[in-house]
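Listed here are the chains, written in short residue letters.
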Amino acid sequence: MCIWSLNPPSLSTSPEPANLLLSLLQRYLYRYGYLEGSGHLAGQVTLDEALKKMQRRLSLPETGQLDGPTLSAIRAPRCGVPDFGHFQTFQGDLKWDHKDITYR
């Protein structure tokens, strides 16, 4: 289980229950490479650390809390490319088979 602390006043303005917001946050952090795996194991970051890393990356105040600006950033539309980690759009080895380049 990840270590997590929610600030109740920051969630009181949201119409959604805290467990739904926490689930939304976890999916976002996994999808965009801030968290790996499915638990708090050696070498993995806690949910608080991942949230602060996301806030730093998106130039938000680093509160470590799921506040209004952070919720807005999570809900904002964006591409599916992770911010961190290795990803590949196409299968296979995408290197050229030659080194000669010509042009006209």
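Note that the structure is predicted; figures quoted are calculated from it, not measured.

A. Spotlight on the overall build of the chain. In terms of helices and strands, the chain carries four helices and zero strands. Across the 104 residues in the chain, those meeting the buried criterion constitute 30%. Total accessible area on the chain stands at roughly 7,700 Å², and carbon and sulfur atoms take up 56% of it.

B. Representation of unusual backbone geometry. For Ser 59, which is not a glycine, the phi torsion comes out positive at approximately 60 degrees. Tracing the backbone shows Ser 59 in the loop between α3 (47–57) and α4 (68–75).

C. Geometry of the environment of Lys 52. Tracing the backbone shows Lys 52 in helix α3. When the C-alpha atoms of Lys 52 and Glu 62 are compared, they prove to be 5.4 Å apart, with 10 residues separating the residues in sequence.

D. Spatial organisation of the confidence of the model for the chain. Taken as a whole, the chain shows an average pLDDT of 77; of its residues, 74% reach a score of 70 or greater. Every residue in residues 1–12 is under pLDDT 50, and counting partners more than four places away or in other chains gives 25 contacts.

E. Quick look at α3. By the burial criterion, the buried members of α3 are Leu 47, Asp 48, Ala 50, Leu 51, Met 54 and Gln 55. All buried residues of α3 fall inside an arc of 165 degrees around its axis, so they share one side. Tucked into the core, α3 has its buried residues touching α2 (18–31) and α4. Ser 59 lies just past α3 and shows a positive phi near 60 degrees.

F. The arrangement of the packing of aromatic side chains in detail. Tallying each qualifying case throughout the model produces one aromatic pair. Ring centres of Tyr 28 and Tyr 32 lie 4.7 Å apart, and the angle between their planes is 50 degrees; on these two criteria the pair is classed as tilted. There is no split in this pair, since Tyr 28 and Tyr 32 are both buried. The ring of Tyr 32 carries Arg 78 above its face, with NZ or CZ at 3.6 Å from the centroid.

About the cut-offs
- Residues numbered from 1 in each chain as written.
- Predicted model: local features only at pLDDT ≥ 70, side-chain atom pairs only at ≥ 80, totals over all residues.
- Heavy atoms only, no water.
- Helix = DSSP H or I, 4+ residues; strand = E, 2+ residues; numbered from the N terminus.
- Buried < 20%, exposed > 50% of the residue type's maximum accessible area, 1.4 Å probe, protein only.
- Areas by Shrake-Rupley, 256 points an atom, 1.4 Å probe, with all protein chains shown as cover.
- pLDDT = per-residue confidence, 0-100.
- Contact = heavy atoms within 4.5 Å.
- Arc of directions from axis to C-beta.
- Phe/Tyr/Trp six-rings, centres within 6.5 Å; stacked < 30°, edge-to-face > 60°.
- Lys NZ or Arg CZ within 6 Å of the ring centre and 35° of its normal.

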